Each structure stands twice: as structure tokens, then as C-alpha cells.
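# Close look at the chain arrangement
Here are the chains, one letter per residue:
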Amino acid sequence: MKAVYFERFGGPEVLICGDRPDPVPKPDEVLIEIAAASINATDWKARAGSYRPPAGHDMQFSFPLVLGRDLSGTVSAVGKDVDSFKTGDEVFAVCMRFEDGCYAEKNAVRANMVGKKPASVSHVESAALALTALTTVSALEETLQLQRGETILIQ
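Analysis parameters
- Residues numbered from 1 in each chain as written.
- Predicted model: local features only at pLDDT ≥ 70, side-chain atom pairs only at ≥ 80, totals over all residues.
- Heavy atoms only, no water.
- Salt bridge = Lys/Arg side-chain N within 4 Å of Asp/Glu carboxyl O.
- Helix = DSSP H or I, 4+ residues; strand = E, 2+ residues; numbered from the N terminus.
- Buried < 20%, exposed > 50% of the residue type's maximum accessible area, 1.4 Å probe, protein only.
- Patch = residues over 30% accessible without salt bridge, like charges linked within 9 Å, V, L, I, M, F, W, Y side chains within 5 Å.
- Areas by Shrake-Rupley, 256 points an atom, 1.4 Å probe, with all protein chains shown as cover.
- Disulfide = S-S within 2.5 Å.
- Contact = heavy atoms within 4.5 Å.
- Pairing = 2+ DSSP bridges.
- Axes fitted to C-alpha atoms, helices over the stretch in contact; angles between N-to-C directions.
- Expected span 1.5 Å × (residues − 1).

This structure, assessed with the given rule, holds five salt bridges. Where aspartate 19 meets lysine 2, a salt bridge forms, and the shortest distance between an N and an O atom there is 2.9 Å. Taken together, the positions of aspartate 19 in strand 2 (residues 16–19) and lysine 2 in strand 1 (residues 2–6) put the pair 17 residues apart, joining distant regions of the chain. Since its relative accessible area comes to 53%, aspartate 19 is described here as exposed.

What follows is the structure in C-alpha cells.
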């Protein structure tokens, strides 16, 4: 498959568009044909070598590295333990592993990091939702510790 990857830290000039091996889904993963991917600060910081993972997350980078955390596309295969998705489902997802990001034609993603794309939302729009939605949920549950029955006003 074609992918955008890099083999050393640096600016945009280190990015290479070339061939990478097709991903194979593990038992708990879905293989997604990528229609759209988004770019966020994690990507350029990782490319530059300045990304600092959150506390408790030990991330080691190994080259070559395909960036991209957020994607939208169509399921083309499912791992043997996945029953929540089927081939042909339109989905969006967050890639949690840096070594195999979504600046590629395909990606195998843990099923618990994948959601079904609403029909009213385009692939481009849904690719921009995944990490921001996960960050929002994390902020509400872990930082704010919002409980069932409580109300929050978001302006």
C-alpha cells in the first residue's frame, strides 16, 4: 500500500510517500480502507522529535514511522474476535499506536477505538472527530469527573 512515512526526525522535508506493507488485522482489530485522515499537533510534534507522551504512557518511536491518529473509511476485514463491525461498514477511528498511523491507504485498528460513521457526516468531517471526541470524553470523565445525573453547560 502507499503511505506517507519518515525515517528520521525533522521538518516536512523528511516525509516520504512510498510503499509500506499492508496491515493485517489482529483478532481484536478491523482493517479499514482509509478515505480521509486528519492532522493534529501530535503528528507534527512526533515528526519533529518533540512529542512528549502523557504521564504513564511510554511511547518509543521506531523507524520507519507512519503518522496520523484520526481516520475515516470503510471496513474491509475484521479480526476473528470482532463482532461489532462487518465488511462494508463506514467507520471513523483513533489509531493509538504511532508506528502504524493512518497516513496510508489502509490501517488495522483495535475495534474498541472504532465507531460507526453517521450517514449524515462525510468521511472528511468524521476523520476530524475521533481524537477530539476521545479527548472530550476523557476531560469530562477523568478531569472533571462528571457523574450520571450532573449537568454541564458548554458554551
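This next bit is on a nonpolar patch on the surface. A grouping of Leu144, Ile152 and Ile154 is seen on the molecular surface, where their side chains present a nonpolar patch of about 290 Å² in accessible area. One can find leucine 144 in the segment after helix 3 (130–143).

It is worth spelling out unusual backbone geometry at this point. Note the cis peptide between phenylalanine 63 and proline 64, where omega equals -5 degrees. Topologically, proline 64 is positioned in the loop between helix 1 (41–48) and strand 4 (65–66). In the Ramachandran plot, glutamine 145 falls in the positive-phi region, its phi being about 55 degrees despite a non-glycine side chain. Mapped onto the secondary structure, glutamine 145 falls in the segment after helix 3.

Turning next to the state of the cysteines. Chemically, a disulfide is nothing more than a covalent bond linking the sulfur atoms of two cysteines. Under the definition given, this model contains zero disulfides. Unpaired in this structure, cysteine 95 has its nearest cysteine sulfur neighbour in cysteine 102, at a distance of 4.5 Å. For cysteine 95, a relative accessible area of 4% puts it in the buried group.

A separate point is the environment of glycine 88. Looking at the secondary structure, you find glycine 88 in the loop between strand 5 (70–78) and strand 6 (90–94). Overall, the relative accessible area of 45% leaves glycine 88 in the partly exposed class. Sequence separation between glycine 88 and alanine 139 is 51 residues; the distance between their C-alpha atoms is 32 Å. Excluding residues that lie within four positions of it along the chain, glycine 88 makes contacts with Thr74 and Val75.

A few words on the sheet that holds strand 3 (residues 29–38). The strand order 7-3-5-6-8 describes an open sheet built from five strands, whose pairing is antiparallel. Across the chains shown, the open sheet's two edge strands, defined by having one partner strand only, are strand 7 (106–110) and strand 8 (114–116). The average angle at which neighbouring strand axes cross in this sheet is 45 degrees, direction not considered. The pairing of strand 3 with strand 5 spans eight bridges and is classified as antiparallel. Looking across to strand 5, one finds that glutamate 33 is bridged to threonine 74. The strands touched by helix 3 are strand 5 and strand 6; relative to strand 6, the strand with the most contacts, the crossing angle is about 60 degrees.

Right, let's talk about helix 3 for a bit. Over its 14 residues, helix 3 extends 19 Å from the first C-alpha to the last, a length consistent with the 20 Å expected when each residue adds 1.5 Å. Positive backbone phi, approximately 55 degrees, marks glutamine 145, located one or two places after helix 3.

This paragraph deals with the environment of alanine 111. Summarising the element assignment, alanine 111 is placed in the loop between strand 7 and strand 8. The class for alanine 111 is buried, based on a relative accessible area of 14%. Along the sequence, alanine 111 and leucine 146 sit 35 residues apart, while their C-alpha atoms lie 26 Å from each other. The residues touching alanine 111, leaving out its near neighbours within four places in the chain, are Asp28, Glu29, Val30, Val82 and Phe85.

Shape is all these values report; function is a separate question.
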